[in-house]
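In case you want the letters, here they are:
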Amino acid sequence: MTDQIARIRIDLEHLEPRIWRRVEVGLSTNLRALHEIIQAVMPWESYHLYEFAIGDRVYGEPDPEDALWDRKVYQAKGLRLSALIERGVTEFHYTYDFGDNWQHRIVIEAVEPADPDIDYPVFVGGERTAPPEDVGGPTGFMDFVEAMASRRHPQHKDMVRWYGRPFHPTEFGEPEIVDRVRGIAARRKTAYASFQLSKATRLN
C-alpha cells in the first residue's frame, strides 16, 4: 500500500525530562492524519485545536474568523509528508491546545523502504507519560506531577480525584498506544481497499 515510510520523532518541548515518541508513517500521510497519529501516541483526545508551523506557513483547520486575526491557515489535509521531503523539510513544529499551548518539535529522521508485511503507521518507541488534557500547560503539569508524587502534598487528594487514578511519569501506557496506532492503520487499510475497489468498479 505504501512504497516508502518516514521515521518521525515527536518531542514535547519546554519540559524536562523530555517526553518523546517515535513513529513510522507512509509518505502519503497528510498533516491532518499526522495530527491524528500524534494524538494517539501521546495519547490525547483531540479536544482542542491544533496547527503545524512550517516555514512561514501555518497548517490546520481554517476558520472564517482567522481573517479577523490577520492570519492565513492552510488546510492540513492538503499537505503530505512526501511534499515536505521533496522540499527538503526535515523539521517543523506542531502545537496542540492553544490554551495549554503544547509545543512539539517534529523531526523526520529517515526515509526508508516500507515493509510490505506491515500496515502503517507503526509506533516505534518513546519515553515518559504525556500531560493530561487541560492540566494548565508546562507550569501546570509540573505542579501536577509534584502534587501527585507526594501524599503529603496539600493538593494531592484533589489532583488524584481530578485525574481519576495514580500518575506514573515513566509508565506511559505503551500497550494502549500500540493499540491506538494499530487501529489507525487498520482503518486506513480498510479505506484504501474500499478506494481501490471503487476505482476498479468505475474503470469497468
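A brief structural summary. On a predicted model such as this, the values are computed, not experimentally measured, just so you know.

What counts, and where the lines are drawn
- Residues numbered from 1 in each chain as written.
- Predicted model: local features only at pLDDT ≥ 70, side-chain atom pairs only at ≥ 80, totals over all residues.
- Heavy atoms only, no water.
- Helix = DSSP H or I, 4+ residues; strand = E, 2+ residues; numbered from the N terminus.
- Expected span 1.5 Å × (residues − 1).
- Buried < 20%, exposed > 50% of the residue type's maximum accessible area, 1.4 Å probe, protein only.
- Contact = heavy atoms within 4.5 Å.
- Core = buried A, V, L, I, M, F, W, Y, C linked by side-chain atoms within 4.5 Å.
- Phe/Tyr/Trp six-rings, centres within 6.5 Å; stacked < 30°, edge-to-face > 60°.
- Lys NZ or Arg CZ within 6 Å of the ring centre and 35° of its normal.
- Salt bridge = Lys/Arg side-chain N within 4 Å of Asp/Glu carboxyl O.
- Axes fitted to C-alpha atoms, helices over the stretch in contact; angles between N-to-C directions.
- Parallel < 35°, antiparallel > 145°, perpendicular 65-115°, else oblique.
- Nonpolar A, V, L, I, M, F, W, Y, C, P; charged D, E, K, R; others polar.
- Pairing = 2+ DSSP bridges.
- Polar contact = N/O pair within 3.5 Å; in protein donor to acceptor, adjacent residues only side chain to side chain.

Here we look at helix 3 (residues 137-149)
Thinking step 1. Taking 1.5 Å of rise per residue, the 13 residues of helix 3 would be expected to cover 18 Å, and the 18 Å separating its terminal C-alpha atoms lies within 8% of that figure.
Thinking step 2. Of all the residues in helix 3, the buried ones are G137, P138, G140, F141, F144, A147 and M148.
Thinking step 3. In this fold, the buried residues of helix 3 make contact with strand 2 (19-26), strand 7 (102-113) and helix 4 (156-163).

Points about unusual backbone geometry
Thinking step 1. Cis rather than trans, the peptide bond between M42 and P43 has omega equal to -10 degrees.
Thinking step 2. By the element assignment, P43 lies in the loop between helix 1 (31-41) and strand 3 (50-54).
Thinking step 3. Each neighbour pair has its own omega, and for Y120 with P121 the value is 10 degrees, a cis peptide bond.
Thinking step 4. Along the chain, P121 turns up in the loop between strand 7 and strand 8 (122-127).
Thinking step 5. Even without glycine at this site, H14 takes up a positive phi of about 70 degrees.
Thinking step 6. The exposed category is assigned to H14, whose relative accessible area is 52%.

Things to note about the nonpolar core
Thinking step 1. I8, L31, F52 and F92 are the most contacted members of the largest nonpolar core, which has 46 residues in total.
Thinking step 2. Of all the elements, helix 1 adds the most residues to this core, at 6 residues.
Thinking step 3. Apart from the residues within four sequence positions on either side, F92 is in contact with L31, L34, F52, A53, I54, L81, L84, H104, R105, I106 and I108.

Thoughts on the packing of aromatic side chains
Thinking step 1. In the structure shown here, the tally under the stated rule is 14 aromatic pairs.
Thinking step 2. Pairing Y50 with F52 gives two aromatic rings, centres 6.0 Å apart and planes at 80 degrees, and the pair type is edge-to-face. F52 shares its class with Y50; the two are buried.
Thinking step 3. Counting every residue linked through ring pairs, the aromatic cluster contains F141, F144, W162, Y163 and F167.
Thinking step 4. Taking NZ or CZ as reference, R9 lies 4.3 Å from the ring centre of W20, over its face.

So, the pattern of salt bridges
Thinking step 1. With the rule as written, the count across this model stands at 15 salt bridges.
Thinking step 2. Between E36 and R187 there is a salt bridge, with its nearest N and O atoms 3.0 Å apart. Separated by 151 residues along the polypeptide, E36 in helix 1 and R187 in helix 5 (residues 174-203) bring together distant segments of the chain.
Thinking step 3. It is possible to trace a salt-bridge network through shared partners that takes in R7, R22, E109 and E112.

Description of the packing of helix 3 against helix 4
The packing of two helices is summarised by the inter-axis angle and the distance between the axes.
Thinking step 1. The N-to-C vectors of helix 3 and helix 4 enclose an angle of 110 degrees; their axes lie 8 Å apart at closest approach. By the angle between their directions, the pair helix 3 and helix 4 is classed as roughly perpendicular. Contacts between helix 3 and helix 4 involve F144, A147 and M148 from the first element and H156, M159, V160, W162 and Y163 from the second.
Thinking step 2. Residues of the contact of helix 3 with helix 4, tallied by class, amount to 7 nonpolar, 1 polar and no charged.

Examining the sheet that holds strand 4 (residues 57-60)
Thinking step 1. Reading across from one edge, 5-4-3-6-7-1-2-8 is the order of the 8 strands in this open sheet, with mixed pairing throughout. Single-partner strands in this sheet number two, and they are strand 5 (73-75) and strand 8. Adjacent strand axes in the sheet meet at a mean angle of 30 degrees, parallel and antiparallel pairs treated alike.
Thinking step 2. Sheet topology places strand 2 next to strand 8; 5 bridges connect them, and they run antiparallel.

Comments concerning the side chain of N30
Thinking step 1. As for its position among the elements, N30 is in the loop between strand 2 and helix 1.
Thinking step 2. A polar atom in the side chain of N30 sits 3.0 Å from the backbone nitrogen of R32.
Thinking step 3. Among the polar contacts made by the side chain of N30, one reaches the main-chain amide nitrogen of A33 at a distance of 2.8 Å.
Thinking step 4. N30 has contacts with A76, K77, L79 and R80, leaving out every residue within four places of it along the chain.

As far as function goes, none of this settles anything; it's purely spatial.
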